[in-house]
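# Architecture at a glance
Given next are the chains, with one letter for each unit.
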Amino acid sequence: MSYSAAVAGATGYAGGEILRLLLAHPQIEVGALCANSSAGSRLAEHHPNLTPLASREIQPTTPEALAGHDIVFLALPHGASEAVAAQLPADTLVIDAGADHRLTDPAAWEQFYGGDYAAPWPYGLPELPGQREKLAGVKRIAVPGCYVTAVTLALLPAIAAGLITGEDVVVVAASGTSGAGKAAKAHLLGTEVMGSMSAYGVGGTHRHIPEMLQNLKLAGAAQPTLSFTPLLAPMPRGILATCTAPLPAALGAAAVYQAYADFYAAEPFVTLLQPGVFPQTQAVLGANAAQLQVTVDAAAHRLVAVCAIDNLTKGTAGNAIQSMNLALGLDEATGLSVIGVAP
């Protein structure tokens, strides 16, 4: 059986990555490509790498353009998805790559995003315990944030096994510039980022924080606390998240490593590297893959978990396709690869 899929926000980075993955999916036919400011242009002007779709014309993001598709992906700015989704039929599978339907707490939405709060949708991170069953057959899916994916995967086994409580978690994570979107911004110019790293969203202000805390609670943390500092790295794509949390003094690195190995033994898209080998973003470039390593800082009595993902693939579009497969009853790995591009 084949399905037709439309993409709103097709000219942005997330939309382009969704299209790249859809082109490799044996059961998906790419339909309407929509955007607003670039309507009337050809896709080749925005994503010259997507050769099979190069001549396709970008249509305005309207219910008429999106109608008649089995699946609609929304790769839109935060706050824009709810209105579009509300105009689509209930039997259309709608997958939102934005933040509109991720948070279950209206107060957190108001604090970190502002504007009208939208009801949460089933959450598109299949690796969360029980989440695959919740995604089966659904018609609405909220894709996690990219930083959130890396941090959740890094800490999930430790919380699930009761190794950490989720309190006093400290995360420092570096992301490539594509995480900021495709709109022109002075601080993202090549001359500004080449050979330089910088912190942003410092002091508990980054919008992904409430979603991270939400996931830590879902994993079993009763009262998680989190200090998160994101860094802008001079690379186009990728996330490297270093996460630490207090451990019982007697717990050693071997026991922690085994807990992670057991937890992720059957996960198709998460790889725990051999002891002592730490993740690199280049290894997951273009792959729907997370690579992990975990150890113990014995002097500080803290767990140290490091996760690398491609922010556009496993961090966004890959999660979307993975969740789509589950919603449609397909093999979860259909159209997805864990093989990165190197060098």
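Check the entry above for the structure.
Keep in mind that this is a model prediction, so the values were computed, not measured.

## Concerning the sheet that holds strand β7 (residues 198-199)
Overall, mixed pairing links the seven strands, which are arranged β7-β8-β6-β9-β12-β11-β10 in an open sheet. One side of each edge strand has no neighbouring strand; the edge strands of this open sheet are β7 and β10 (270-272). Pairing of strand β9 (residues 239-246) with strand β12 (residues 302-309), which is carried by eight bridges, proceeds in the antiparallel orientation. Bridge pairing links Thr242 to Val306 in β12.

## Side note on the packing of helix α1 (residues 13-23) against helix α10 (residues 313-328)
The N-to-C vectors of α1 and α10 enclose an angle of 50°; their axes lie 9 Å apart at closest approach. With respect to their mutual orientation, α1 and α10 come out oblique. Here α1 and α10 pass one another in a crossing that is right-handed. Residues Ala14, Glu17, Ile18, Arg20, Leu21 and Leu22 of α1 pack against Thr313, Thr316, Ala317, Gly318 and Ile321 of α10. Residues that form the contact of α1 with α10 fall into these classes: six nonpolar, three polar and two charged.

## What about the layout of surface pockets?
Looking at the largest pocket, its volume works out to about 1,200 Å³. Residue lining of the largest pocket: 48 residues in total, with His78, Gly179, Ala180, Gly181 and Lys182 positioned closest to the centre. Elements represented by at least two residues in the lining of the largest pocket include exactly α1, α6 (146-160) and α10. Ranked by residue count, the leading element in the lining of the largest pocket is α1, at three residues. Within the lining of the largest pocket, the residues separate by chemical class into 20 nonpolar, 24 polar and four charged. Quantified by volume, the second largest pocket comes out at close to 390 Å³. Across the lining of the second largest pocket, the residue classes break down as nine nonpolar, eight polar and five charged.

## Structural notes on the pairing of strand β3 (residues 71-74)
Neither face of β3 is open: one carries Ile71 and Phe73, the other Val72 and Leu74, and all of them are buried. Alignment of strand β1 (residues 3-8) against β3, held across four bridges, turns out to be parallel. Note on β3: the bridge partner recorded for Val7 is Phe73. With four bridges connecting them, β3 and strand β4 (residues 93-96) associate as parallel partners. Residue pairing across strands places Phe73 opposite Ile95, the latter belonging to β4. Taken together, β3, helix α3 (residues 81-86) and β4 constitute a β-α-β crossover, and its handedness is right-handed.

## Thoughts on the environment of Ala265
Summarising the element assignment, Ala265 is placed in the loop between α9 (253-263) and β10. Residues Ala265 and Leu74 lie 191 residues apart in sequence; the distance between their C-alpha atoms is 32 Å.

## Description of the sheet that holds β1
Backbone hydrogen bonds are what pair the strands of a sheet, in a parallel or an antiparallel way. Reading across the sheet, the five strands line up as β2-β1-β3-β4-β5 and stay open at both edges, with parallel pairing between neighbours. Of all strands in the sheet, those with a lone pairing partner are β2 (28-34) and β5 (140-142), marking the two edges. Across the sheet, the mean angle from the axis of one strand to that of its neighbour is 20°, orientation sign disregarded. As defined by bridge partners, β4 adjoins β5 across three bridges and the pair is classed as parallel. Of the residues in β5, the one forming a bridge with Ile95 is Ile141.

## Observations regarding the nonpolar core
By size, the foremost hydrophobic cluster in this structure holds 52 residues, and its most contacted members are Tyr260 and Leu303. Sorting elements by how many residues they give to this core places α6 first, with 11 residues. Look past the residues within four positions of Leu303 in its chain and what remains in contact with it is Leu155, Ala158, Ile164, Cys243, Thr244, Ala245, Leu247, Val256, Tyr260, Val294 and Thr295. One finds Leu43, Leu53, Ile71 and Leu336 within the second-largest nonpolar core, a separate group that totals 35 residues.

## Quick word on the state of the cysteines
Throughout this description, disulfide means a covalent bond between two cysteine sulfur atoms. With the rule as written, the count across this model stands at zero disulfides. Cys146 carries a free sulfur, and the closest cysteine sulfur to it, the one in Cys307, is 12 Å from it. By relative accessible area, Cys146 is classed as buried at 12%. The thiol sulfur of Cys307 is not disulfide-bonded, and the nearest other cysteine sulfur, from Cys243, lies at 7.4 Å. For Cys307, a relative accessible area of 0% corresponds to the buried category.

Rules used in this analysis
- Residues numbered from 1 in each chain as written.
- Predicted model: local features only at pLDDT ≥ 70, side-chain atom pairs only at ≥ 80, totals over all residues.
- Heavy atoms only, no water.
- Pairing = 2+ DSSP bridges.
- Helix = DSSP H or I, 4+ residues; strand = E, 2+ residues; numbered from the N terminus.
- Axes fitted to C-alpha atoms, helices over the stretch in contact; angles between N-to-C directions.
- Parallel < 35°, antiparallel > 145°, perpendicular 65-115°, else oblique.
- Left-handed = near helix turned anticlockwise from the far one by under 90°.
- Contact = heavy atoms within 4.5 Å.
- Nonpolar A, V, L, I, M, F, W, Y, C, P; charged D, E, K, R; others polar.
- 1 Å grid on protein atoms, 1.4 Å probe; cavity = no way out; pocket = protein on both sides within 12 Å on 5 of 7 lines; lining within 4 Å.
- Points joined across faces, edges and corners; volume = space filled by probe spheres on them.
- Buried < 20%, exposed > 50% of the residue type's maximum accessible area, 1.4 Å probe, protein only.
- Right-handed = clockwise from strand over helix to strand, strands pointing away.
- Core = buried A, V, L, I, M, F, W, Y, C linked by side-chain atoms within 4.5 Å.
- Disulfide = S-S within 2.5 Å.

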